[in-house]
Amino acid sequence: MSTPQGPAGRGRNTRQALVETVQAHAYTIPTDAPEADGTMAWDHTTLVVVQVTADGLVGTGWTYGSPVIAPLVRQTLASCVVGQDAVNTTSIWTAMVRSLRNIGRPGIGSMALSAVDCALWDLKARLLDIPLHRLLGSARNTVPLYGSGGFTTYDHDQLEAQLRGWVDDDGMRAVKIKIGKSWGHHLDRDLARVRETRSIVGDDVQVFVDANGGYTVGQAIRIAKQLDALDVRWFEEPVSSDNLAGLGAVRQHTTADLTAGEYGDSLNYYHRLCQADVLDCLQVDVTRCGGITELLRITAVAAAAQLDVSAHCAPYQHAAPMAAIPNLRHLEYFHDHTRIERLFFDGTAPPTHGELPLHPTSPGNGFTFKPETAQPFLTAGAAA
Ligand SMILES: [Mg+2]
């Protein structure tokens, strides 16, 4: 593709464009306040950005996880990518998966794979000079969102400010807070915070809760009945997502949709989850599951199980691919990741009426990474 044919950009799809470079860097960004959910507390988030180049263009993908993902990309995955035709995302993805066999695809292996695959899809769209959501076959022009945060560490003023921002400024029609504080040891406080949330957002906004696996089955069933009384519509990971029987048991005691899946790192994981028939909506994360290439297969498996999917976190990384998923329900507009992506990437427009707009003409994912903004957060020891 080094010699475009005809009008600018129109001939880019007629010749090979070999990947020239793969770069990966990790950035560790402090949170804007102490944060916790039912089973973890944190004060920073690590973003790993991968960039691939071909024919003078740059494709960018990213994930959130450990800084060691960056050297894993450079030392193991890059050799599967450099020199390959950039549009052959399937063959490159297959080579990357094979290269992880003896290292471990699950966890950080899949996060590294995901970031590179997302970068390659962005590059492919840029080489073809069309928006990524159009390359993938858009099903919609905007992506429905729900506001997500509501950390167990927040006091009333922090919670109210966050909820009001989502509802009043962003037009969100659903919001999610964390419950299950301290592994389910504060059920009364959990319920009080749900009541607080309902009183702030009113009756016209759906209230979701996420326990991050913090409850026992018995606790989850007991609180589920009280969440029903507060018209909670979404009960995420009431017990560990590995406890399929437990999820199924809780589901029998609530009218809220039972959801899980955010940690999934392969098609097989999601196939088992769908086959278990314990969920009302499947959560999937393109920055963990194996990238866009795997996401397309996972969402098809979900469709075959008659399940909607909901995208987990990394809202701007998800926007283009989720626009092409017919059984998409919504995308999680997660506080930490939203803050980072809006700061580090140009082109990240704010939500409108609770939906994320897709740029109709910008090639690729529509975003440009700003390394000069991210530089102060570059993680020591993970640099090249
Ligand atoms: Mg969750």
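Residues numbered from 1 in each chain as written. Predicted model: local features only at pLDDT ≥ 70, side-chain atom pairs only at ≥ 80, totals over all residues.

1. Brief notes about the packing of helix H8 (residues 217–229) against helix H9 (residues 244–251)
Turning to step 1, where the next piece is worked out: The N-to-C vectors of H8 and H9 enclose an angle of 20 degrees; their axes lie 9 Å apart at closest approach. The pairing of H8 with H9 is recorded here as roughly parallel in orientation. The two elements H8 and H9 meet at a crossing, and its hand is right-handed. Contacts from Val217, Ala220, Ile221 and Ala224 of H8 reach H9 at Gly246, Ala249 and Val250.
Turning to step 2, where the next piece is worked out: Counted by class, the contact of H8 with H9 contains six nonpolar, one polar and no charged residues. (Axes fitted to C-alpha atoms, helices over the stretch in contact; angles between N-to-C directions. Helix = DSSP H or I, 4+ residues; strand = E, 2+ residues; numbered from the N terminus. Parallel < 35°, antiparallel > 145°, perpendicular 65-115°, else oblique. Left-handed = near helix turned anticlockwise from the far one by under 90°. Contact = placed C-beta atoms within 7 Å. Nonpolar A, V, L, I, M, F, W, Y, C, P; charged D, E, K, R; others polar.)

2. Some words on the environment of Gly150
Turning to step 1, where the next piece is worked out: Mapped onto the secondary structure, Gly150 falls in the loop between strand S4 (142–148) and helix H5 (156–169).
Turning to step 2, where the next piece is worked out: Put simply, Gly150 and Leu163 are 13 residues apart on the chain and 7.9 Å apart in space, counted from C-alpha to C-alpha.
Turning to step 3, where the next piece is worked out: Apart from the residues lying within four places of it in its own chain, the contact partners of Gly150 are Leu159, Gln162, Lys176, Ile177, Lys178 and Thr197.

3. Side note on the pairing of strand S3 (residues 57–64)
Turning to step 1, where the next piece is worked out: Burial analysis of S3 places seven of its eight residues in the buried class, which makes it a mostly covered element.
Turning to step 2, where the next piece is worked out: Pairing of strand S2 (residues 41–54) with S3, which is carried by eight bridges, proceeds in the antiparallel orientation. By the bridge assignment for S3, Gln51 is matched with Thr60.
Turning to step 3, where the next piece is worked out: Between S2 and S3, which pair antiparallel one after the other, the connecting turn spans two residues, and Asp55 there sits at a positive phi close to 55 degrees. (Buried ≥ 20, exposed ≤ 12 C-beta atoms within 10 Å, placed from the backbone. Pairing = 2+ DSSP bridges.)

4. Some points on helix H1 (residues 69–81)
Turning to step 1, where the next piece is worked out: The sharpest bend along H1 reaches about 40 degrees and sits at Gln75.
Turning to step 2, where the next piece is worked out: Residues of H1 that are buried include every one of Ile69, Ala70, Leu72, Val73, Leu77, Ala78, Cys80 and Val81, and no others.
Turning to step 3, where the next piece is worked out: Of the residues trailing H1, Gly83 is marked for its positive phi of about 90 degrees. (Bend = angle between axes of the 7 residues up to and from the residue.)

5. Some thoughts on the pairing of S2
Turning to step 1, where the next piece is worked out: Here twelve bridges tie strand S1 (residues 21–36) to S2, and the two strands are oriented antiparallel to one another. Within S2, the residue paired with Thr28 across the bridge is Thr46.
Turning to step 2, where the next piece is worked out: Taking the residues that link successive antiparallel strands as the turn, the S1-S2 hairpin has four residues.

6. Comments concerning the domain arrangement of the protein chain
Turning to step 1, where the next piece is worked out: By the assigned domains, the protein chain splits into domain 1 (21–129 + 370–377) and domain 2 (133–369).
Turning to step 2, where the next piece is worked out: Between the C-alpha centres of domain 1 and domain 2 the distance comes to 22 Å.
Turning to step 3, where the next piece is worked out: If you look at the interface, domain 1 gives 44 residues, while domain 2 gives 43 residues.
Turning to step 4, where the next piece is worked out: At 13 residues, helix H3 (residues 108–128) tops the list of elements feeding residues into the side of domain 1 that touches domain 2.
Turning to step 5, where the next piece is worked out: Grouping the constituent residues of the side of domain 1 that touches domain 2 by class yields 20 nonpolar, 14 polar and ten charged. (Domains from an automatic or database assignment.)

7. Describing the sheet that holds S1
Turning to step 1, where the next piece is worked out: In spatial order, the strands read S1-S2-S3; together these three strands make up an open sheet with antiparallel pairing. Only two strands of the sheet have a single partner each, and these edge strands are S1 and S3. Recorded for the sheet is a direction-independent mean angle of 20 degrees between the axes of neighbouring strands.
Turning to step 2, where the next piece is worked out: Along the sheet, H3 contacts S1, S2 and S3; its crossing angle with S3, the most-contacted strand, is approximately 150 degrees.

8. Describing the environment of Lys370
Turning to step 1, where the next piece is worked out: Along the chain, Lys370 falls in the loop between strand S14 (368–369) and helix H14 (371–374).
Turning to step 2, where the next piece is worked out: When the C-alpha atoms of Lys370 and Leu343 are compared, they prove to be 8.5 Å apart, with 27 residues separating the residues in sequence.
Turning to step 3, where the next piece is worked out: Among all residues touching Lys370, those that are not within four sequence positions of it are Phe344, Phe345 and Asp346.

9. Section: the nonpolar core
Nonpolar side chains in soluble globular proteins generally cluster together in the buried interior.
Turning to step 1, where the next piece is worked out: Among the nonpolar cores identified, the biggest contains 113 residues, and Val50, Val73, Ala115, Val116 and Val175 are the most heavily contacted of them.
Turning to step 2, where the next piece is worked out: Two domains each donate at least three residues to this core, and these are domain 1 (21–129 + 370–377) and domain 2 (133–369).
Turning to step 3, where the next piece is worked out: What Val175 contacts, discounting residues up to four positions off in sequence, is Tyr146, Gly147, Leu163, Trp166, Val167, Thr197, Val201, Val205, Val207 and Phe208. (Core = buried A, V, L, I, M, F, W, Y, C linked by C-beta atoms within 7 Å.)

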